[in-house]
Amino acid sequence: MGVKKHPTYKTMEPIYEGKAKRLFTTDDPNVLRMEYKDSATAFNGVKKEDFENKGRFNKAITLIIYRMLESKGVKTHLVDDVDDINLLVKKVSIMPLEVIVRNVAAGSFSKRMGVTEGTAFKKPIVEFSYKDDSLGDPFINDDYAREMGAASEEECAYIKSVALLINETLKEFFLTANLRLIDFKIEFGRLAEDPSVIVLADEISPDTCRLWDVTTGKKMDKDRFRQGLGGFMEAYDEVLSRLQK
Ligand code: TMP
Ligand code: ASP
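All values reported here derive from a predicted model rather than from experimental measurement.

Digging into the site of ligand 2
Move 1: Every residue close to ligand 2 is listed here: Lys19, Thr41, Ala42, Phe43, Asn44, Gly45, Lys222 and Arg226.
Move 2: The separation between an oxygen atom of ligand 2 and a polar main-chain atom of Phe43 is 3.5 Å.
Move 3: At 2.6 Å, a backbone N or O of Asn44 approaches an oxygen atom of ligand 2.
Move 4: Expressed as a share of its isolated accessible area of 270 Å², the protein-covered part of ligand 2 is 72%.
Move 5: Within the shell around ligand 2, the residues separate by chemical class into two nonpolar, three polar and three charged.

Put into structure tokens, the structure is as follows:
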């Protein structure tokens, strides 16, 4: 793709700030610096708190996972590591879809369907939400995605197949760290330099996955914050050190 590995930081301008990350330009128009913040939010930003090292843990975990996925042939926005809390990523236009894959009932599935948390599915479930905080990220299907201009039918089918491949790869990877992948959310983007190319973008971390310890069933993800269970950063620290082994 011919991207420069270490663009000059002097030219960096902030261009976007989300709940957990900030984006800055670099002197390569197709590359951005993504900074992971220490803030945690839940329930569409209603619950919010800063946690020391959170950005560092999520950046490091995302980097390990993205490199692993790239090695399995998944196309991602990752360009390079920068430092403790920053990655260089390809500039993309994020598709307004949250793609959720579920292996085991939990969270909004259990609430919506009245199915006990922990019930394993026969096959993974893939679902889409329309990414719009003001609407509360509503649950949608492929037809909604097409009519909202989020993704064509072919693109939805492609995204679904990539999401299922990522699920199989991640399930196996987390098992080597004695973690059970319950569910996760991913996002995709169109490359700025070629919008016909769709790549995995955003983070994959305990903020965006549910991970339960295989042996004890202990929650090792953002549910510790959502549900006020305590030991939030200790769990992220533990996930990172298990993945580094
Ligand atoms: P849910 O059960 O609340 O719908 O969440 C499913 C998965 O998606 C879970 O692993 C947490 C993740 N998720 C996010 O990453 N961001 C969000 O805004 C929400 C609601 C869930
Ligand atoms: N990410 C969402 C928020 O910040 C919700 C969640 O992850 O529970 O509010």
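Some points on the sheet that holds strand 7 (residues 86-90)
Move 1: As summarised here, the arrangement of the five strands in space is 1-2-3-7-6, forming an open sheet in which the pairing is antiparallel. Both outer strands of the open sheet, strand 1 (14-17) and strand 6 (78-81), are each paired with one neighbouring strand and no more. Ignoring which end each strand starts from, the neighbouring axes of this sheet average 25 degrees apart.
Move 2: Across five bridges, strand 3 (residues 31-36) lies against strand 7 in antiparallel orientation. Across the sheet, Val31 pairs through a bridge with Lys90, a residue of strand 7.
Move 3: Against the sheet, helix 1 (residues 54-71) engages strand 3, strand 6 and strand 7, with an angle of about 125 degrees to strand 6.

Side note on the packing of aromatic side chains
Move 1: For the structure shown, the criterion picks out six aromatic pairs.
Move 2: Note on Phe173 and Phe174: the rings are 6.3 Å apart at their centroids and 55 degrees apart in plane angle, and the pair reads as tilted.
Move 3: Relative accessible area serves as the criterion here: at 1%, Phe174 is assigned to the buried category.
Move 4: Ring geometry for Phe232 and Tyr236: centres 4.8 Å apart, planes at 75 degrees, overall edge-to-face. Of this pair, Phe232 and Tyr236 both sit in helix 6 (residues 232-244), four residues apart, roughly one helical turn.
Move 5: On the basis of relative accessibility, which here comes to 4%, the residue Phe232 falls in the buried class.
Move 6: Counting every residue linked through ring pairs, the aromatic cluster contains Phe51, Phe225, Phe232 and Tyr236.
Move 7: Across the ring face of Phe24, the terminal group of Arg33 is positioned such that the distance to the ring centre comes to 4.0 Å.
Move 8: Above the ring of Phe225, the side-chain terminus of Lys47 is found at 4.8 Å from the ring centroid.

Structural notes on the pairing of strand 14 (residues 209-213)
Move 1: Judged by how many residues are buried, strand 14 sits mostly within the fold: five of five residues are covered.
Move 2: Residues Cys209, Leu211 and Asp213 of strand 14 are buried on one face, and the alternating residues Arg210 and Trp212, pointing to the opposite face, are buried as well.
Move 3: As paired strands, strand 12 (residues 179-191) and strand 14 are joined by five bridges and run antiparallel to one another. By the bridge assignment, Asp183 is partnered in strand 14 with Arg210.

Here we look at the site of ligand 1
Move 1: Around ligand 1, a shell composed of 13 residues is seen, among which Arg102, Ser108, Asp183, Lys185 and Arg210 lie nearest.
Move 2: Between ligand 1 and Arg102, the relevant distance is 2.9 Å, taken from an oxygen atom to a side-chain nitrogen or oxygen of the residue.
Move 3: Taking Thr208, its main chain carries an N or O atom lying 3.5 Å from an oxygen atom of ligand 1.
Move 4: Coverage of ligand 1 by the protein amounts to 77% of the 450 Å² it exposes when considered alone.
Move 5: Counting residues per element, the ones that place at least two in the shell around ligand 1 are strand 9 (97-104), helix 2 (107-113), strand 12 and strand 14.
Move 6: When residues in the shell around ligand 1 are grouped by element, the largest group, three residues, is from strand 12.
Move 7: Grouping the constituent residues of the shell around ligand 1 by class yields four nonpolar, three polar and six charged.

So, how was this worked out
Residues numbered from 1 in each chain as written. Chains lettered and ligands numbered in written order. Predicted model: local features only at pLDDT ≥ 70, side-chain atom pairs only at ≥ 80, totals over all residues. Heavy atoms only, no water. Near = heavy atom within 4 Å. Polar contact = N/O pair within 3.5 Å; in protein donor to acceptor, adjacent residues only side chain to side chain. Areas by Shrake-Rupley, 256 points an atom, 1.4 Å probe, with all protein chains shown as cover. Nonpolar A, V, L, I, M, F, W, Y, C, P; charged D, E, K, R; others polar. Pairing = 2+ DSSP bridges. Helix = DSSP H or I, 4+ residues; strand = E, 2+ residues; numbered from the N terminus. Axes fitted to C-alpha atoms, helices over the stretch in contact; angles between N-to-C directions. Contact = heavy atoms within 4.5 Å. Phe/Tyr/Trp six-rings, centres within 6.5 Å; stacked < 30°, edge-to-face > 60°. Buried < 20%, exposed > 50% of the residue type's maximum accessible area, 1.4 Å probe, protein only. Lys NZ or Arg CZ within 6 Å of the ring centre and 35° of its normal.

Any link to function would need more than the numbers given here.
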